[in-house]
Amino acid sequence: MTKLFVVGAMLAAVCVPEAPGPGEVDARDVRGNYDVTYDSALKVQLNLGGALREVTASGYGSVVDFGVYNGKPVTLDLKAFCDREDVTCPYEKFWTRVAIDQPKLKQTGLALQELRVIDDEDHHPPVGKKAPSVSGLVNHDDSDRFLIGLGLQAGANQACAAIDVSFASGRFSHEGEKLETTQEYRYDDGQRCNPDAGTAATDAGASADAGAPTADAGAPKVCALHDVTRLTWPDGAEIDGIKEGKVGFAWAGGCAFGPALIGATLYLETAYTGTRTGDFDPPPFTPEPVTQPDAGFPDDAGAADGG
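All figures in this text were calculated on a predicted structure; none of them were measured in a lab. (Residues numbered from 1 in each chain as written. Predicted model: local features only at pLDDT ≥ 70, side-chain atom pairs only at ≥ 80, totals over all residues. Heavy atoms only, no water.)

Asker: What exactly am I supposed to notice about the overall build of the protein chain here?
Answerer: Along the backbone of the protein chain there are four helices and 13 strands. Split into buried and exposed, the 307 residues of the protein chain put 41% on the buried side. Taking as baseline every contact in the protein chain between residues at least 6 positions apart, the subset at least 24 positions apart corresponds to 69%. With an accessible surface of roughly 16500 Å², the protein chain has 51% of that area assigned to carbon and sulfur atoms. (Helix = DSSP H or I, 4+ residues; strand = E, 2+ residues; numbered from the N terminus. Buried < 20%, exposed > 50% of the residue type's maximum accessible area, 1.4 Å probe, protein only. Contact = heavy atoms within 4.5 Å. Areas by Shrake-Rupley, 256 points an atom, 1.4 Å probe, with all protein chains shown as cover.)

So this is what it looks like as structure tokens:
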């Protein structure tokens, strides 16, 4: 899925389709105000030199136990950790009430669009104060999935700043959406194929005598019907919320556990859903540039290994 974001950005420099005109429905439009509800279960991981220890916590009031390391117990009080002024946890960076904008939606017809998420927990901030925001990308060609980087910015040097694999992701859901399964011609690796083109040969590699292929050439690729499941929704269906939401944060181990685990990585992930509550109506806010996490989309290699 990360590749779709990259390809979209490359195409932007080559061919820029026009946005729908005034009065026309724009299927890419996900703007609005949303309420965000977090799951109570938290995935907490500690990476000790490649050895991953994982604990599921039931909320931020938990004390997680990672066992013993070098003869000493390793525990973390999540509430005390997140209450620290030098630590930002997921719910503090991707808020429980947000206003979402696509500031360049009317400029082009591209499927890949900038997505701006604004803190709307205080719709009327004090005079002179503006709400924070974060910005990422949303891809209409990938079922309106989005990805926002929430980690360390270039040049920052805070010991407890979230590192740059930290992210928020999700998918904007549509009224009446459903999963449909059809059969399509594919190879076993999922690539599309044409049954009339015959059988595709795998890469046989170079043989030792430039004659017959080596014994590990592999079997030919067979084009056959496979079940393919897609998410669909009626034409013109409106956005009603956010599904498949995840927020993941990672910190250097020394931040949470001190010098004894300075080379470790702590990772915390929580799921969430969103409900669209109305049209885009933001408080005064400070815009931020688009940021993407270094680890890519979490459904790829994932951010949970701490990069």
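On we go.
Asker: Whenever I open this one, the environment of Ala256 confuses me. Can you help?
Answerer: Take Ala256: it is sitting in helix H4 (residues 253-257). Ala256 sits in the buried class, given a relative accessible area of 19%. Not counting chain neighbours up to four residues away, the residues in contact with Ala256 comprise Leu76, Phe81, Arg84 and Leu266.

Asker: I keep staring at the state of the cysteines and nothing clicks. Help me out?
Answerer: Here a disulfide denotes a covalent bond joining the sulfur atom of one cysteine to the sulfur atom of another. Under the counting rule described, the total for this entry stands at three disulfides. Paired through a disulfide, Cys193 and Cys223 show a sulfur-sulfur distance of 2.0 Å. A torsion of 85° about the S-S bond marks the disulfide between Cys193 and Cys223 as right-handed. Taken together, the residues Cys193 in the loop between strand E10 (178-186) and strand E11 (224-232) and Cys223 in the loop between E10 and E11 connect sequence positions 30 residues apart. One exposure class covers both Cys193 and Cys223, and it is buried. Disulfides within the protein chain link the bonded cysteines, taken in sequence order, as 1-2, 3-6, 4-5. (Disulfide = S-S within 2.5 Å.)

Asker: Whenever I open this one, the side chain of Glu177 confuses me. Can you help?
Answerer: Mapped onto the elements, Glu177 comes out in the loop between strand E9 (167-174) and E10. On the basis of relative accessible area, Glu177 is assigned to the buried category, the value being 17%. For Glu177, the side chain forms a polar contact with the main-chain nitrogen of His174, separated by 2.9 Å. One polar contact links Glu177 to Lys243, side chain to side chain, over a distance of 3.3 Å. Sequence-distant contacts of Glu177, that is, excluding residues within four places in its chain, are made with Arg171, Leu231, Thr232, Trp233 and Lys243. (Polar contact = N/O pair within 3.5 Å; in protein donor to acceptor, adjacent residues only side chain to side chain.)

Asker: Is there a simple way to think about the packing of aromatic side chains in this case?
Answerer: Each aromatic ring pair is summarised here by two numbers: the centre-to-centre distance and the angle between the ring planes. Enumeration over the complete set of coordinates arrives at eight aromatic pairs. The interplanar angle of 85° and the centroid separation of 6.3 Å between the aromatic rings of Phe66 and Phe257 together place this pair among those described as edge-to-face. Separated by 191 residues along the polypeptide, Phe66 in strand E3 (residues 63-69) and Phe257 in helix H4 bring together distant segments of the chain. Judged on exposure class, the residue Phe66 and its partner Phe257 are both buried. Ring pairs connect the aromatic residues Tyr34, Phe146 and Phe172, which therefore count as one cluster. In this structure, Lys221 is placed above the aromatic ring of Tyr187, and the distance from its NZ or CZ to the ring centre is 4.5 Å. (Phe/Tyr/Trp six-rings, centres within 6.5 Å; stacked < 30°, edge-to-face > 60°. Lys NZ or Arg CZ within 6 Å of the ring centre and 35° of its normal.)

Asker: I'm lost on the nonpolar core in this one. Help?
Answerer: With 47 residues, the main nonpolar core has Phe81 and Phe172 as its most contacted residues. If you tally residues by element for this core, the top one is strand E1 (residues 32-48), at seven residues. One finds Leu147, Val165, Ala250 and Tyr267 within the second-largest nonpolar core, a separate group that totals five residues. (Core = buried A, V, L, I, M, F, W, Y, C linked by side-chain atoms within 4.5 Å.)

Asker: Looking at this structure, I do not really get the pattern of salt bridges. What am I missing?
Answerer: Opposite charge on two side chains makes pairing possible when the charged atoms of those side chains draw close. Within the structure shown, the criterion is met by 19 salt bridges. If you follow the salt bridges from partner to partner, you end up with Asp142, Arg145, Arg171, Glu177, Lys243 and Glu244 in one network. (Salt bridge = Lys/Arg side-chain N within 4 Å of Asp/Glu carboxyl O.)

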